[in-house]
Amino acid sequence: MHVVAALEQLLLPNACVACDHLSRPSDADALLCSACRARLKPLTGGCPRCHQPVPLIGGCRCCRAWPAELRWVRSGVWLGREAREIVHHLKYDGYTPLARVMADVVARAVPVPAASVLVPVPLTPSRHKRRGFNQAALLAHALAARWRLPVRERLLTRVRERGSQTALTPEERLANVTGAFAAAAPPQADAEQVHAEVVIVDDVLTTGATLSAAATALSGAGWRRLGAITFARALPYEQRVV
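Notes on the structure in this doc start here. The structure presented is a predicted model; accordingly, all values stated were derived computationally and were not measured.

## Let's talk about the overall build of the chain
- Each helix and strand in the chain was counted, giving nine helices and six strands.
- Counting only residues that meet the buried cut, the chain has 47% of its 242 residues in that class.
- Long-range pairs, those at least 24 residues apart, make up 70% of the contacts in the chain with a sequence separation of at least 6.
- As displayed, the chain offers around 13200 Å² of accessible surface, 57% of which is attributable to carbon and sulfur atoms.

## A closer look at the sheet that holds strand E5 (residues 197-205)
- In spatial order, the strands read E1-E6-E5-E2; together these four strands make up an open sheet with parallel pairing. Looking at the sheet topology across the chains shown, the edges are occupied by strand E1 (70-78) and strand E2 (116-120). Each strand of the sheet is rotated relative to its neighbour by a mean of 25°, with strand direction disregarded.
- In this sheet, strand E6 (residues 226-233) lies alongside E5 in parallel orientation, the contact comprising seven bridges.

## So, the pattern of salt bridges
- In this structure the tally under the stated criterion is five salt bridges.
- A salt bridge links Glu-82 to Arg-81; its shortest N-O distance comes to 3.2 Å.
- Arg-81 sits in the partly exposed class, given a relative accessible area of 44%.
- The closest approach of N and O atoms between Asp-203 and Lys-91, which form a salt bridge, is 3.6 Å. Taken together, the positions of Asp-203 in strand E5 and Lys-91 in helix H3 (residues 81-93) put the pair 112 residues apart, joining distant regions of the chain.
- Each of Arg-39, Arg-81 and Glu-82 takes part in salt bridges that share partners, so that together they form one network.

## A closer look at the pairing of E2
- Across the five residues of E2, five count as buried, placing the element largely inside the fold.
- Burial along E2 is two-sided: the residues Ser-116, Leu-118 and Pro-120 and Val-117 and Val-119 are all buried.
- Note that E2 and E5 share five bridges and pair parallel. Bridged to Pro-120 within E5 is Val-201.

## Considering helix H6 (residues 135-147)
- The end-to-end C-alpha separation of H6 is 18 Å, in line with the 18 Å expected for 13 residues at 1.5 Å each.
- Looking at the packing, one finds that the buried side of H6 touches H3, helix H4 (98-109), E2, helix H5 (125-131), E5 and E6.
- Its side-chain oxygen placed 3.0 Å from the backbone nitrogen of Ala-136, Asn-134 serves as the N-cap of H6.
- Two residues or fewer past H6, Arg-148 is found with a positive phi of approximately 55°.

## A closer look at the packing of H4 against H6
- Interaxial distance between H4 and H6 falls to 8 Å at its minimum, and their mutual angle equals 55°. By the criterion of interaxial angle, the relationship of H4 to H6 is oblique. Here the hand of the crossing between H4 and H6 comes out right-handed. Along its contact with H4, which presents Ala-99, Arg-100, Met-102, Ala-103, Asp-104, Val-106 and Ala-107, the element H6 presents Leu-138, Leu-139, Ala-142, Leu-143, Arg-146 and Trp-147.

## With respect to the side chain of Arg-74
- Take Arg-74: it is sitting in strand E1.
- The buried charged residue Arg-74 lacks any salt bridge partner; its closest oppositely charged side chain belongs to Glu-197, at an N-O distance of 9.8 Å.
- A polar contact is formed between the side chain of Arg-74 and the side chain of His-51, at a distance of 3.4 Å.
- Residues in contact with Arg-74, not counting those within four places in the same chain, are Pro-48, Arg-49, Cys-50, His-51, Val-110, Ala-228, Ile-229, Thr-230 and Arg-233.

Reading the values: rules and limits
- Position labels on residues start from 1 in each chain and follow its written sequence.
- Local features in this predicted model are restricted to residues whose pLDDT is 70 or higher, and side-chain atom pairs enter the listing and the counts only when it is 80 or higher, whereas totals over whole chains, interfaces and linings include all residues.
- The side-chain values count all of the structure's non-hydrogen atoms but skip hydrogen atoms and water molecules.
- Secondary structure is summarised from DSSP: a helix means a run of H or I of at least four residues, a strand means a run of E of at least two, and numbering begins at the N terminus for each.
- With a 1.4 Å probe rolled over the protein chains alone, any residue whose accessible area is under 20% of its type maximum counts as buried; one over 50% counts as exposed, and the rest are partly exposed.
- Any two residues whose heavy atoms approach within 4.5 Å at even a single point are treated as in contact.
- Surface accessibility in these figures is a Shrake-Rupley result with a 1.4 Å probe; residues are shielded only by whichever protein chains are displayed.
- Any two strands are treated as partners once DSSP identifies two or more bridges connecting them.
- Helix axes use the C-alpha atoms of the stretch in contact, all axes being lines fitted to C-alpha atoms, and the angles between their N-to-C directions lie in the range 0 to 180 degrees.
- Counted as salt bridges are all cases of a side-chain nitrogen of Lys or Arg within 4 Å of a carboxyl oxygen of Asp or Glu.
- Between the first and last residue of a helix there are one fewer steps than residues, each counted as 1.5 Å, and that sum is the expected span.
- In protein, a polar contact requires one atom able to donate a hydrogen and another able to accept it; more generally it is a pair of N or O atoms within 3.5 Å, and residues adjacent in sequence count only if both atoms are side-chain atoms.
- For this classification, under 35 degrees means roughly parallel, over 145 means roughly antiparallel, 65 to 115 means roughly perpendicular, and everything else is oblique.
- Helix crossings get a hand from a simple test, with the near helix turned counterclockwise from the far one by less than a right angle marking a left-handed crossing and a clockwise turn marking a right-handed one.
- Positive charges come from Lys and Arg, negative ones from Asp and Glu, while His and the chain ends are left out of the count.

Written out as structure tokens, the structure reads:
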């Protein structure tokens, strides 16, 4: 089998999804080469709630408008070029094994949430049908396998969709997702679930509008302990390349 694998790698070598360079023998089965993996930039902390760098004057501007029920948010890495390529190839090219790469990155940067259930941000049924998968759910299940936590995909549903948020301002993003989600209530007969912390999982955090809307729906349904995890986070405005 080793001979067959070596011959396959020689004739059909893998290429890194971020830089398109052919994989080295040491990265033979990797979708992301070791050089691009090393260029992923983790968040180093700052705000105790969201880990965004705190400005010298004033408090954190990233999470101050989020609902109070969303107690904490963590992201694995900044959305630099390499992270952006990973997300793009997963969402739009269908490279679903990249969810495991993303989960590995998150698991190295984010501590295991205690007494938690993972809830992926859902797609509408029509978008899920067109894409064939939900990237947030793939990430949630990959994290669940590493952390041995349950995933509850049906706890949160998207009841309406108003198109892509890519080109929207922060205010437009918030308006676009307000009321977009519905959540199931905690099962009162299951004390363990009633007191569990719900951790919302998504691929990218840009302004926090989607996580805020999801948290509002879950809180309204009766869930009291809410956090969130994303693979990547949009760079602070001053660091973005225009």
